[in-house]
Amino acid sequence: MLSISWLASRVSDDDSELAKLDRLSTMLDSRYRIPGKPFRFGLDSLLGLIPGVGDLASLGPSAYLIYRASAGCKQTYDWPDGREYRA
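If you're wondering where the values come from, they're calculated on a predicted model, not measured in any experiment. (Residues numbered from 1 in each chain as written. Predicted model: local features only at pLDDT ≥ 70, side-chain atom pairs only at ≥ 80, totals over all residues. Heavy atoms only, no water.)

*Asks:* Quick rundown of the overall build of the protein chain? Include the residues and the values.
*Replies:* A tally of helices and strands in the protein chain yields 4 helices and 4 strands. Going from N to C terminus, the protein chain has its helices and strands arranged as α-α-β-β-α-α-β-β. Expressed as a percentage of contacts within the protein chain between residues at least 6 apart in sequence, the contacts between residues at least 24 apart total 19%. Of the roughly 7,100 Å² of accessible surface on the protein chain, 59% is carried by carbon and sulfur atoms. (Helix = DSSP H or I, 4+ residues; strand = E, 2+ residues; numbered from the N terminus. Contact = heavy atoms within 4.5 Å. Areas by Shrake-Rupley, 256 points an atom, 1.4 Å probe, with all protein chains shown as cover.)

*Asks:* Tell me about the packing of aromatic side chains, and please be specific about residues and values.
*Replies:* Under the defined criterion, the tally for this structure stands at 1 aromatic pair. Measuring from ring centre to ring centre gives 6.0 Å for Y32 and F41, while their planes differ by 40°; the resulting arrangement is tilted. The exposure class of Y32 is partly exposed, given its relative accessible area of 33%. Classification of F41 as partly exposed rests on a relative accessible area of 22%. (Phe/Tyr/Trp six-rings, centres within 6.5 Å; stacked < 30°, edge-to-face > 60°. Buried < 20%, exposed > 50% of the residue type's maximum accessible area, 1.4 Å probe, protein only.)

*Asks:* I'd like a rundown of the environment of L59, residues and numbers included.
*Replies:* Here L59 shows up in helix α4 (residues 53–71). We classify L59 as exposed; its relative accessible area is 52%. Sequence separation between L59 and D44 is 15 residues, and the spatial gap between their C-alpha atoms is 9.0 Å.

*Asks:* Got a sec to walk through a nonpolar patch on the surface? Specific residues and values, please.
*Replies:* A surface patch of nonpolar side chains, about 300 Å² in accessible area, is lined by Y32, L46 and L49. Take Y32: it is sitting in strand β1 (residues 32–33). (Patch = residues over 30% accessible without salt bridge, like charges linked within 9 Å, V, L, I, M, F, W, Y side chains within 5 Å. Salt bridge = Lys/Arg side-chain N within 4 Å of Asp/Glu carboxyl O.)

*Asks:* Help me get a handle on α4, residues and values and all.
*Replies:* Between its first and last C-alpha, α4 extends 28 Å over 19 residues, near the 27 Å set by a 1.5 Å rise per residue. A maximum bend of about 30° is found in α4 at L59, where proline P61 lies one to four positions downstream. (Expected span 1.5 Å × (residues − 1). Bend = angle between axes of the 7 residues up to and from the residue.)

*Asks:* Can you explain the confidence of the model for the protein chain? Please cite residues and give values.
*Replies:* Across the protein chain, the average pLDDT comes to 78, with 67% of residues at or above 70. Taking the mean pLDDT of every element in the protein chain, the minimum, 51, falls on helix α1 (residues 4–10) and the maximum, 92, on strand β2 (residues 40–41). (pLDDT = per-residue confidence, 0-100.)

*Asks:* I'd like a rundown of the side chain of S58, residues and numbers included.
*Replies:* Tracing the backbone shows S58 in helix α4. Once you skip the residues sitting within four places of it in the chain, S58 turns out to touch D44 and L47.

*Asks:* Residues and numbers for the environment of P61, please.
*Replies:* By secondary structure assignment, the location of P61 is in helix α4. Given the relative accessible area of 26%, P61 is considered partly exposed. Expressed as a C-alpha distance, the spacing of P61 and L28, which sit 33 residues apart in the sequence, is 8.2 Å. Once residues lying within four places of it in the same chain are set aside, the contact partners of P61 are L24 and L28.

Structural data, given as structure tokens:
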């Protein structure tokens, strides 16, 4: 399975930033495991058990991951008539 850590080892410019984002996403999604069970869960699942407050607490780190992912994916395209399209 392809993971962010594999990608982080191949990118020289953003190694530390990708490693930080990988640690944050692992902490939120799959950090913990119940012994003898095949599934993993993270801090986001645990915080979700607290009504209202847990969802608000996990909103910040999740929004940060989405922001950083969108900041790294900005591309521009040039149309044949010279206009520029920003995705």
